Amino acid sequence: MAFLQLQPQEWQALTLTLKVALVALAFALPLAIFAAYGLARWRFPGHGVVNALIHMPLVLPPVVTGYILLILFGRSGPVGRSLWDIFGISFAFNWMGAAIAAGVMAFPLMVRPIRLAFEAVDPKLEEAASSLGAHRLVTFLVVTLPLTFPGILGGAILGFAKAMGEFGATITFVSNIPGETRTLSLALYTATQSPSGDLAAFRLTLIAAIVAFGALIASEVWARRLRKRIGGVDD
């Protein structure tokens, strides 16, 4: 089984992928919760437009999304130029840009299940808490959020898995730089371009499949446990 042992550069790609996915999740999940709550609870002009914009990364080619990020966050872009001039920060062609690309691509996948979880909460429970004098924020934290936690967890796991597998937007926005932006997907792509890269491609495919499968199983197990704790019914 020696051929299954990951090489140093492959371990580097795996650890970078985990770092990128975790950072993407940390930044995208709070925004996904806010967006999901707004779509589920608020009605405002342009509601459908906002919903469509949030889900655009699902239907756009990932390369297009990466190119838009490059235009916005590149050194000459409107956002990227300001970040560089004021803070000396550049997201293009480094791992932080890879995290942004992964977060953007994972964002709609997190919003959808979290929104459904918010819509499943009976508004009367929130109204009852408010009638007892609870502040809206307290009601959200004590009543709404615990009831939607299985959906939030499911969205987070799906977002994490998507961030780990992101390819098109990443390679367009931050390129394929060894040790800096070469995540697991990009390392697999690089291996397939080499005549002697079959074994490396097989190893990377296997580890990617194991991580993704484990994430989905963990999502299901944790969601069921949470449903039991809050009084739900196990399927």
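For the structure, check the block above.
From a predicted model like this one, the values you see are computed outputs, not experimental measurements. (Residues numbered from 1 in each chain as written. Predicted model: local features only at pLDDT ≥ 70, side-chain atom pairs only at ≥ 80, totals over all residues. Heavy atoms only, no water.)

## What about the layout of surface pockets?
Taken as a whole, the largest pocket spans an internal volume of roughly 400 Å³. Sorting the residues of the lining of the largest pocket by element identifies α1 (8–41), α2 (47–54) and α6 (95–120) as the ones contributing at least two each. With 7 residues, the single largest contributor to the lining of the largest pocket is α6. Here the residues of the lining of the largest pocket sort into 15 nonpolar, 1 polar and no charged. (1 Å grid on protein atoms, 1.4 Å probe; cavity = no way out; pocket = protein on both sides within 12 Å on 5 of 7 lines; lining within 4 Å. Points joined across faces, edges and corners; volume = space filled by probe spheres on them. Helix = DSSP H or I, 4+ residues; strand = E, 2+ residues; numbered from the N terminus. Nonpolar A, V, L, I, M, F, W, Y, C, P; charged D, E, K, R; others polar.)

## With respect to the packing of helix α7 (residues 123–131) against helix α8 (residues 136–165)
Put simply, α7 and α8 touch, their axes get as near as 10 Å, and they point 160° apart. Relative to α8, the element α7 is oriented roughly antiparallel. Where α7 crosses over α8, the two elements pack in a sense that is right-handed. Only T139, V143, T144 and L147 of α8 make contact with α7, whose side of the interface consists of L125, E126, A129 and S130. By residue class, the composition of the contact of α7 with α8 is 4 nonpolar, 3 polar and 1 charged. (Axes fitted to C-alpha atoms, helices over the stretch in contact; angles between N-to-C directions. Parallel < 35°, antiparallel > 145°, perpendicular 65-115°, else oblique. Left-handed = near helix turned anticlockwise from the far one by under 90°. Contact = heavy atoms within 4.5 Å.)

## A few points about empty space enclosed by the protein
One way to see where empty space is left: roll a probe the size of a water molecule over the atoms. In total, this model carries 1 cavity of 30 Å³ or more according to the counting rule given. Roughly 40 Å³ of volume is contained in the largest cavity. Lining the largest cavity we find T17, V20, A98, A102, A163, M164, E166, T170 and T183. Elements with a minimum of two residues in the lining of the largest cavity: α1, α6 and α8. Per-class residue counts for the lining of the largest cavity are 5 nonpolar, 3 polar and 1 charged.

## A short note on the environment of H47
Tracing the sequence through the fold places H47 in helix α2. Using a relative accessible area of 13% as the deciding quantity, one classes H47 as buried. Excluding its chain neighbours within four sequence positions, the residues that come into contact with H47 are G38, L39, W42 and R115. (Buried < 20%, exposed > 50% of the residue type's maximum accessible area, 1.4 Å probe, protein only.)

## Brief notes about the pattern of salt bridges
A side chain of one charge can pair with a side chain of the opposite charge if their charged atoms are brought near each other. Evaluation of the coordinates by the stated rule reveals 3 salt bridges. Across the pair E126 and R41 runs a salt bridge, and its minimum N-O distance is 3.2 Å. Placement of E126 in helix α7 and of R41 in helix α1 is noted, with a sequence separation of 85 residues between them. The buried category is assigned to E126, whose relative accessible area is 11%. The salt bridge partner of E119 is R115, with a shortest N-O separation of 3.0 Å. (Salt bridge = Lys/Arg side-chain N within 4 Å of Asp/Glu carboxyl O.)

## Comments concerning the nonpolar core
Soluble globular proteins tend to pack their nonpolar side chains together in the buried interior. By size, the foremost hydrophobic cluster in this structure holds 40 residues, and its most contacted members are L29, M110, V111, I114, F118 and F173. Secondary-structure elements contributing two or more residues to this core are α1, α4 (62–73), α6, α8 and α9 (168–174). The leading source of residues in this core is α1, at 14 residues. Each residue touching L29, except ones within four places of it in the same chain, is listed here: M110, I114, I152 and A156. Counting residues in hydrophobic clusters, the runner-up holds 6 residues, among them L14, L184, A187 and L204. (Core = buried A, V, L, I, M, F, W, Y, C linked by side-chain atoms within 4.5 Å.)

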